[in-house]
There are 2 protein chains.
Amino acid sequence: MAQELLSREVKVLLRSQDCSERRQTVRICIEQLTASSPVHKKDLIVRMTDDTDPFFLYNLVISEDDFQSLKLQQGLLVDFSAFPQKFIDLVYQCINEEKKEVPRFLLQLSSGAALGSSPAQLDVVETNPFKHLTHLSLRLLPANDMEVKTYLAMCLKCIKEEKVMLHHKLKKTEDDLTRQLICTQQ
Amino acid sequence: MAQELLSREVKVLLRSQDCSERRQTVRICIEQLTASSPVHKKDLIVRMTDDTDPFFLYNLVISEDDFQSLKLQQGLLVDFSAFPQKFIDLVYQCINEEKKEVPRFLLQLSSGAALGSSPAQLDVVETNPFKHLTHLSLRLLPANDMEVKTYLAMCLKCIKEEKVMLHHKLKKTEDDLTRQLICTQQ
């Protein structure tokens, strides 16, 4: 079971291998596993998708051990339990800066080859005229066909449920308003 | 571009390798390609899915050449242009017999190994006390992960469009009935 902590469309600065840059919109989803298994307890899942491209799917699973490596490599000061919220705060800082001409905080996505087929690096970057500072750097892996099909099946299930609820709401609305109309006409 | 000729849930008699039999519901979809390419003109696509299992997908593409082999092997008398309707008629004969204790026409599905991982044979069988007659026998192939993900992406796109239309209908219904209510109350 996974608890969703964040699901937002964000603008990222896409840096391609040929050093060209362009802005692209992706969806960042952060989930926390609530498995009772002591091994995978509270694993953090970072997922990157594209609402306009069902085959675009990048994943990263951060276990407590993974985080300790990340913490060491990048000199982070928080512990694993505080990390998700800090990461979310950073994403929101980037979202808040999106509309500016020169955003002070931004999400940068770099990929070795064409985006979608090789690992991608997602950086939270603070820009200033002197030096660009990387607050956090995560390496996301492109999903294989099996992972994409599993993800799409999950999306399909959710959308079908939403559609059923919408259908019920339509029926109830029709019934309620029609009943009121009949009462008023009498 | 493909034109859908049939999409129906049907009951099939599932015959497993251990000779056990049980009834299962699957969806049969028959589409005709309307490609302008002379090579693949009017290819027939037979798809078998399970509304309750997003990963269950079997396909068969029947080109005009494939049909000529099928015609020869199975002694069919119709030509390729007449075949789709004849096939649909046979499926409907099975559907019409579904509720009977002893159906006179039925769809039989046989699979070497576990259903989903090996080719399956779909037969239209006419039962009678003397001999079971096979009117048509088609060999369907289980889809790989790439084909399943492509199929699910297509389903997702359709459901999303249906959901948007349902949302518009809800809005319009609310507006129309509320307006009528206001008019009547005045």
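Each chain carries its own residue numbering, running from 1 in the direction its sequence is written. Lettering for chains starts from A, numbering for ligands starts from 1, and both go in the order in which the items are written. Totals for whole chains, interfaces and linings use every residue, but because this is a predicted model, local features are given only for residues with pLDDT of at least 70 and side-chain atom pairs only at 80 or more, for both listing and counting. The basis for every side-chain value is the complete set of heavy atoms in the structure, and neither hydrogens nor water enter the calculation.

Peer 1: I'd like a description of the interface of chain A and chain B, backed by residues and values.
Peer 2: Contacts between the two partners involve 28 residues from chain A, matched on the other side by 28 residues from chain B. Buried area counts how much accessible surface, traced with a 1.4 Å probe, disappears from two parts once they are put together, with both parts' losses summed. For the pairing of chain A and chain B, the buried interface totals around 2800 Å² over both sides, and the portion due to carbon and sulfur atoms is 79%. The salt bridge criterion pairs a side-chain nitrogen of Lys or Arg with a carboxyl oxygen of Asp or Glu, the two atoms within 4 Å. On inspection of chain A and its partner chain B, the count reaches 4 salt bridges. In this structure, Glu162(B) and Lys163(A) form a salt bridge, with 2.5 Å as the shortest nitrogen-oxygen distance. Any pair of residues with heavy atoms lying within 4.5 Å of one another is described as a contacting pair.

Peer 1: An account of the pairing of strand S2 (residues 21–33) of chain A is requested, with residue identities and associated values reported.
Peer 2: All names here are of chain A. Being paired, for any two strands, means DSSP has found at least two bridges between them. We count a stretch as a helix when DSSP gives it H or I for four or more residues in a row; a strand needs E for two or more, and each element gets its number in order from the N terminus. Of the pairings in the sheet, the one linking strand S1 (residues 2–15) to S2 comprises 13 bridges and is antiparallel in character. In the sheet register, Leu13 faces S2, and the bridge partner there is Arg23. What sits between the antiparallel neighbours S1 and S2 is a turn of 5 residues, in which Cys19 has the positive phi angle 65 degrees.

Peer 1: Quick one: what's the story with the pattern of salt bridges, residue by residue and with numbers?
Peer 2: Per the counting criterion, the structure on display carries 22 salt bridges over all chains. Residue Asp176(A) pairs with Arg179(A) through a salt bridge whose shortest N-O separation is 3.4 Å. Of this pair, Asp176(A) and Arg179(A) both sit in helix H3 (residues 145–185), separated by 3 residues, roughly a single helical turn. Between Glu161(B) and Lys157(B) there is a salt bridge whose closest N-O contact spans 3.5 Å. With Glu161(B) and Lys157(B) both in helix H3 (residues 145–185), this residue pair falls 4 residues apart, about one helical turn. Here the salt bridges share partners, and the residues they tie into one network are Lys172(A), Asp176(A) and Arg179(A).

Peer 1: So what's going on with the packing of H3(A) against H3(B)? Residues and values would help.
Peer 2: Here H3(A) crosses H3(B) at 15 degrees, and the two axes come no closer than 8 Å. Comparing their axes, H3(B) and H3(A) come out roughly parallel. For H3(A) against H3(B), the interelement crossing comes out left-handed. What counts as an axis is a line fitted to C-alpha atoms, over the stretch in contact for a helix, and the angles between N-to-C directions run from 0 to 180 degrees. Should an angle fall under 35 degrees it is called roughly parallel, over 145 degrees roughly antiparallel, and 65 to 115 degrees roughly perpendicular, with every other angle called oblique. With the far helix as reference, a near helix turned anticlockwise by less than a right angle produces a left-handed crossing, and one turned clockwise produces a right-handed crossing.

Peer 1: If you had to explain the sheet that holds strand S7 (residues 133–142) of chain B to someone new, which residues and values would you point to?
Peer 2: All names here are of chain B. A barrel is described by the order of its strands in space; here 7 strands give the closed sequence S1-S2-S3-S4-S7-S6-S5, paired in mixed fashion. Sheet twist, expressed as the average angle between the axes of neighbouring strands with direction ignored, equals 35 degrees. Helix-sheet contacts for helix H2 (residues 83–97) involve strand S1 (2–15), strand S2 (21–33), strand S3 (44–50), strand S4 (53–62), strand S5 (105–111), strand S6 (120–126) and S7, and the interaxial angle to S1 is about 40 degrees.

Peer 1: Could you give an account of the pairing of S4(B), naming the residues involved and the relevant values?
Peer 2: Residues and elements named next belong to chain B. Examined bridge by bridge, S3 and S4 share 7 bridges and lie antiparallel to one another. Bridge pairing links Leu44 to Ile62 in S4. In this antiparallel pair of consecutive strands, S3 and S4, the connection spans 2 residues. Taken together, the 2 bridges between S4 and S7 define a ladder with antiparallel strand orientation. Pairing of Tyr58 across the sheet is with Pro142, part of S7.

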